[in-house]
Every structure is written in structure tokens, then in C-alpha cells.
Amino acid sequence: MNNIDNKDWLFEITPKNNFFALNFKEVWQYRDLLLLFVKRDVITVYKQTVLGPLWYLIQPLLTSLTYTIIFNSVAGIDTGKVPAFLFNLAGITVWNYFTSCLTSTSDTFKANAGIFGKVYFPRIITPLSIVISNLIKLGIQFLIFIIFYIYYYTSGALVSLNIMVVFLPFLILLIGILGLGLGMLISSLVTKYRDFSYLIGFSIQLLMYVSAVMYPIELIKVKLPQYGWIVAYNPLAYIIETSRYMLLNVGHISPLGLIYTFIVTIIIFFLGLLMFNKTEKSFIDTV
């Protein structure tokens, strides 16, 4: 047999020596597969439904309407000069992107066990495709927000964009990284501890109530100061509050809160990446 120089190979598959490894070059080489997964995620979710992608629009609208009735009309939560429905729609639109990334990536190993067991490709591509495909859903829901924003603005409501809105894409990126990190972490744990898959939905509902989705951060500090620390230590609360400040010019931006959010997000992402890379070596024996 003739010896073949490694340089003659187009790709060389080797074991990962570093659990924190994220080979961007390899991901780029498999970019066609990444785009294929993105297309699959977008098309197949509502392929067999009657309304199809319209569910992207119906869900945030009905949720915003429900929150407006319960939290603003019944509970009396004041949203200031901003119409309550628009206030809720802004927070829910951003929150939905995080939850979509988290819930979909948290089932990566279990949902793709058949593919992972047959062919090699960078496993990180699967959760990455989910985060990217959810950007399309986010874009559709932002379009709805813009339509209602224009409606309230032309109706004389005191709403305005803040100049900081130009940094909104960076905030969206931060949300995606946080959802990806938590999703990879949970997905790794689910392969051994199936109980986590049952706790996700319940935990997300609880997390929403301490993430300032339907109320300003300052309100919880005034009304329930003994529980204010829970919101203060929740990085998602700063993301939601900052996004509303950018989109509606209401509330405020906490520089220290954003720095804290960035640090926590990076830590969670690398912890999730560590667990993900470690789990992919042996998950096929436990799934």
C-alpha cells in the first residue's frame, strides 16, 4: 500500500483534544449543511399545519393581548406613556427568540441521535442552525411589532425610537448566544437525566415572570423589594429592559447590568460548549 500524505486529503477528522474547541473553519467548510438544516427547521415546523407560518404572528399577538388584559387592565401595572399592548409586544418578541433558541437546542442530542450515529459533521452545526433559523421567526414577529408601532404612532401615542436602537442587533446576538449556551448545557444533561426534559417548559414559565417581560424592572423593586434581587441577578431582565428602551424609549439602560449580562452569557456559553463537546463523544450509548 502506498503511503498517502495528509496534505492529499481534503478533510481530516481527528478527536477533539480541547473540550472548549469551536472550530470555525470546520463549521464554515460545512456551511452548505448548516444552510440545509436552517431550511429544514423553517419549513418542517409548520409544514403540516393549516395556518403555517401565520402561527409566528398569532402567538405573540394573542400573548400580548392576554398580558395586556391580565397584567395591565386587571392587575393595574402601569407602562407609562407607552400603550400597554405595544409595551408587552416588544418584550414578548425578544423573549420569544430566547425561548425558541433554548427549547429547540435543549433537545439536540435526543432529536438528532439517528443522524449523529450515522455520519460525521461538526455537531455544533445542529444547535447553530436552530439559532439562525429562529432569526427568521424573529424577523417576522418584528415586522408585526413595526406595524403596530406605526399604528400607535399615527394615532398620537407618545412612542419613539431611541438612538441606541442601532445596537439592537448586538443585543439579539447576545440573546442567541445565551439561548445557545443554555440549550447545549441542558441537551447534554438530558442524555443522562431525562427529568430535565420535563422541567424545561415549567422552568421557562417561571423564568418569564422574573425576566421583566410584562413589567418594568423598577416596578418590581418598588412593589416587591424583598424579591427585587431575583430580577437583579437575572441577565434576561436586563436584555428585555434594554430592548424596550431601544424600541420604545421607555425605562433605562443599566451599563453595569449589561456588563453583568455579557459576562454571564459568555460563561454559560463556554460551559455549554464544554458539556456539549464532552457529551458528543459518548452520548450515543445513553440516548
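To keep things clear, this report deals only with the structure shown in the data block. (Residues numbered from 1 in each chain as written. Predicted model: local features only at pLDDT ≥ 70, side-chain atom pairs only at ≥ 80, totals over all residues. Heavy atoms only, no water.)

**Structural notes on the overall build of the chain**
So, step 1. Across its full length, the chain carries 13 helices and zero strands.
So, step 2. Starting at the N terminus and walking to the C terminus, you meet the elements of the chain as α-α-α-α-α-α-α-α-α-α-α-α-α.
So, step 3. Split into buried and exposed, the 287 residues of the chain put 44% on the buried side.
So, step 4. Here the analysis covers contacts within the chain between residues at least 6 apart in sequence; of these, 82% occur between residues at least 24 apart.
So, step 5. Just so you have it, the chain exposes about 15,900 Å², and 68% of that area is on carbon and sulfur atoms. (Helix = DSSP H or I, 4+ residues; strand = E, 2+ residues; numbered from the N terminus. Buried < 20%, exposed > 50% of the residue type's maximum accessible area, 1.4 Å probe, protein only. Contact = heavy atoms within 4.5 Å. Areas by Shrake-Rupley, 256 points an atom, 1.4 Å probe, with all protein chains shown as cover.)

**Remarks on unusual backbone geometry**
So, step 1. The residue Ala-212 is not glycine, and still its phi comes out positive at about 60°.
So, step 2. Residue position: Ala-212 is located in the loop between helix H9 (195-209) and helix H10 (217-223).
So, step 3. One non-glycine residue, Asn-249, lies in the positive phi region at around 60°.
So, step 4. Here Asn-249 shows up in the loop between helix H12 (235-248) and helix H13 (255-279).
So, step 5. The exposure class assigned to Asn-249 is partly exposed, which follows from its relative accessible area of 26%.

**Digging into the packing of helix H3 (residues 55-74) against helix H4 (residues 84-105)**
The relative placement of two packed helices is expressed as an angle between their axes plus a distance between the axes.
So, step 1. At their nearest, the axes of H3 and H4 sit 9 Å apart, and the two run at 130° to each other. Of the possible angle classes, the one that applies to H3 and H4 is oblique. Considering how the two elements wind past one another, H3 and H4 form a crossing that is right-handed. The segment H3 lies against H4, with Gln-59, Pro-60, Leu-61, Thr-63, Ser-64, Leu-65, Tyr-67, Thr-68 and Asn-72 engaging Ala-84, Phe-85, Asn-88, Leu-89, Ile-92 and Asn-96.
So, step 2. Class assignment for the residues of the contact of H3 with H4 results in eight nonpolar, seven polar and no charged. (Axes fitted to C-alpha atoms, helices over the stretch in contact; angles between N-to-C directions. Parallel < 35°, antiparallel > 145°, perpendicular 65-115°, else oblique. Left-handed = near helix turned anticlockwise from the far one by under 90°. Nonpolar A, V, L, I, M, F, W, Y, C, P; charged D, E, K, R; others polar.)

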